[in-house]
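Structural overview for review
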Amino acid sequence: MSDELQRIMAIDDPYLLLREVTTRLAAAQQEVTELARLRRRVVQDLHAQGMSYAQIAEKAGLSRGRIHQIRHTGPAPEGAFLGTGAVTVVTPLRWDDAKKRPVVAMADMNSGKRLEELAKSYGLDVSSGHVQVSGEVDLNRDGLVVVCGPGMSQAMRDLYAQDPVLAWEHPEGEPWALVDRRTGTAYHAGADLEPSRPHDVGYLGRLPRPDGNGSVLAIAGIHTAGSLGVVHLLTSDLSMLWGQVGERNFSTLVSVEYDPETEEPQSTELLCPLYLHDEEATA
């Protein structure tokens, strides 16, 4: 029996006991989920290296059937792309003059809900939050996935400024653009060009938290359709993204063709490589 369990069992106050047990159960469930994810990842990695399930079983002291079961059940390793244990999906609030209150744009709401559903499908606990109308948001939290561009939040602008390869630019009197410093290419939204077309550019990156104690998964489009397109890419190609970047800090740009009536993505593709920031720092 662990010391923590003994401490909880010794609590006399029934209400405190109930609270402590509930909290501990939630933490234990997260730990079980992440251990199962790690176990499946180890088996997949060993199998990818050329070992058979029988060889893995023999080395690990488990049955071949058990190893095969581990490989095909439990939370998939790529869920760690979003976070471990629990994630918080954050979307921006905008002031609605007609309603005289903060609201969430429909595309941002859809992005947030789809990210929450994606995280839940990988066994992650999910909560939600908002970037305030003022732009304030606490980025020094574990498991943050933030859908917000630099124009709505100084905190997010500062976060994006840490990207060593991709930059948000907003020349005076001109619309936002995303620039690949490696190639010098500037990418613009189709809605900001003449003639206009239903095309947007989205940003996807994992960037260091301001306090240096972790990272934030950041998603934004030049317009809201770009964010929705990035989420579409995540829901369809998360295993590919995970396979190339794992849990390392990175960034990339996404081309998004969308339905002009609904802003729903019709096709998405990467506009540039998945830039790994630790490699860029030594390039």
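Residues numbered from 1 in each chain as written. Predicted model: local features only at pLDDT ≥ 70, side-chain atom pairs only at ≥ 80, totals over all residues. Heavy atoms only, no water.

So, the overall build of the protein
Selection rule: Per the convention used, a helix needs a DSSP run of H or I reaching at least four residues, while a strand needs a run of E reaching at least two, with both numbered from the N terminus. Relative accessibility thresholds used throughout: buried, under 20% of the residue-type maximum; exposed, over 50%; partly exposed, between the two (1.4 Å probe, protein chains only). A contact between two residues is defined here by any heavy atoms of the two lying within 4.5 Å. For the accessible areas, the method is Shrake-Rupley and the probe is 1.4 Å, while residue cover comes only from the protein chains on display. Positive charges come from Lys and Arg, negative ones from Asp and Glu, while His and the chain ends are left out of the count. Note on charges: their place is set at NZ of Lys, CZ of Arg, CG of Asp or CD of Glu.
Along the protein, the regular secondary structure elements total eight helices and 13 strands. With respect to the principal axes defined by its C-alpha atoms, the protein has extents near 65 × 55 × 40 Å. When each of the 283 residues of the protein is scored for burial, the buried share is 43%. In the protein, once contacts between residues fewer than 6 apart in sequence are set aside, the share between residues at least 24 apart is 62%. Element-wise, carbon and sulfur atoms account for 50% of the exposed surface of the protein, whose accessible area totals about 14900 Å². Counting 26 positive and 40 negative side-chain charges, the protein places the centres of these two groups 7 Å from one another.

Structural notes on the sheet that holds strand S8 (residues 185–187)
Formally: Note: two strands are recorded as paired if DSSP finds a minimum of 2 bridges between them. For helices, the fitted line uses only the C-alpha atoms of the stretch in contact; every axis is such a line through C-alpha atoms, and the angle between N-to-C directions lies from 0 to 180 degrees.
The strand order across the open sheet built from three strands is S6-S7-S8, with neighbouring strands paired in antiparallel fashion. Edge positions in the sheet fall to strand S6 (166–169) and S8, since each of these pairs with one other strand and no more. Going across the sheet, the axis of each strand differs from the next one's by a mean of 25°, ignoring polarity. Where S6 and strand S7 (residues 177–180) come together, four bridges link them in antiparallel fashion. Bridge pairing links Trp168 to Leu178 in S7.

Re the environment of Thr91
Turning to its location among the elements, Thr91 is positioned in strand S1 (residues 86–92). Once residues within four sequence positions are removed from consideration, Thr91 is found in contact with Val104, Asp108, Gly112, Gly129, His130, Val131 and Val147.

Examining the layout of surface pockets
Stated formally: Grid points spaced at 1 Å over the protein atoms alone were grouped into cavities, where a 1.4 Å probe fits but cannot get out, and pockets, open sets with protein on both sides within 12 Å along at least five of seven lines, with lining residues defined by an atom within 4 Å of a point. Grid points are joined across faces, edges and corners, and a volume is the space filled by probe spheres set on the points. When residue character is reported, Ala, Val, Leu, Ile, Met, Phe, Trp, Tyr, Cys and Pro are called nonpolar, Asp, Glu, Lys and Arg charged, and the others, Gly included, polar.
Quantified by volume, the largest pocket comes out at close to 300 Å³. Along its surface, the largest pocket is lined by 17 residues, and Leu82, Gly83, Thr84, Gly143 and Ser215 are the ones closest to its centre. Looking at the lining of the largest pocket, the element that brings in the most residues is strand S10 (residues 215–221), giving three residues. Split by residue class, the lining of the largest pocket holds seven nonpolar, five polar and five charged. When its volume is computed, the second largest pocket comes out at roughly 240 Å³. What lines the second largest pocket is a set of 17 residues, and nearest its centre among them are Arg94, Gly149, Met152, Gly221 and Ile222. Among the secondary structure elements, those contributing two or more residues to the lining of the second largest pocket are S10 and helix H7 (224–245).

A word on the pattern of salt bridges
Note the cut-off: One side-chain nitrogen of Lys or Arg within 4 Å of one carboxyl oxygen of Asp or Glu is enough to make a salt bridge.
Applying the stated rule across the entire model yields twelve salt bridges. Ionic pairing is found between Glu264 and Arg114, a salt bridge with its closest N-O pair at 2.8 Å. Taken as a pair, Glu264 in the loop between strand S11 (250–258) and strand S12 (265–270) and Arg114 in helix H5 (residues 106–121) lie far apart in primary sequence, 150 residues in all. Classification of Glu264 as partly exposed rests on a relative accessible area of 25%. A salt bridge links Glu257 to Arg197; the nearest nitrogen and oxygen atoms lie 3.1 Å apart. Here the residue Glu257 occupies a position in strand S11, and Arg197 occupies one in the loop between S8 and strand S9 (199–208), the gap between them amounting to 60 residues. Overall, Arg197 belongs to the partly exposed group, its relative accessible area being 42%. In this structure, a network of salt bridges that share partners links the residues Glu4, Arg7 and Glu20.

Some words on the UniProt feature "domain: RNA polymerase sigma-70 region" (unreviewed entry) in the protein
The criterion, for reference: UniProt positions are given in the numbering used here, feature names are shortened, and annotations may be inferred rather than shown by experiment.
Per the UniProt entry, the sites bearing "domain: RNA polymerase sigma-70 region" (unreviewed entry) are residues 39–73 in this numbering. The straight-line gap between the two end C-alpha atoms of residues 39–73 is 10 Å; of that span, 77% is helix and 0% is strand.

Notes on the packing of helix H3 (residues 53–60) against helix H4 (residues 64–72)
Applied cut-off: With respect to orientation, any angle under 35 degrees is reported as roughly parallel, any angle over 145 as roughly antiparallel, any angle of 65 to 115 as roughly perpendicular, and every other angle as oblique. Rotating anticlockwise by less than a right angle from the far helix to the near helix defines a left-handed crossing, while the corresponding clockwise rotation defines a right-handed one.
Interhelical geometry of H3 versus H4 gives an angle of 110° and a closest axis separation of 8 Å. One finds that H3 runs roughly perpendicular with respect to H4. The two elements H3 and H4 meet at a crossing, and its hand is right-handed. For the pair H3 and H4, the contacting residues are Tyr53, Ala54, Ile56 and Ala57 in the first and Arg64, Ile67, His68, Arg71 and His72 in the second.

Regarding the side chain of Asp200
Selection rule: Distance and chemistry together define a polar contact, namely a pair of N or O atoms within 3.5 Å, with one atom able to donate a hydrogen and the other to accept it when in protein, and with adjacent residues in sequence counting only for side-chain atoms on both sides.
Within the secondary structure layout, Asp200 lies in strand S9. Although Asp200 lies buried, it forms no salt bridge, and the closest oppositely charged side chain, Arg94, sits 9.7 Å away as judged by the N-O distance. At a separation of 2.9 Å, a polar atom in the side chain of Asp200 contacts the main-chain amide nitrogen of His223. The residues contacting Asp200, other than those within four sequence positions of it, are Ala189, Gly221, Ile222, His223, Thr224, Ala225, Gly226, Val254, Ser255, Val256 and Tyr258.

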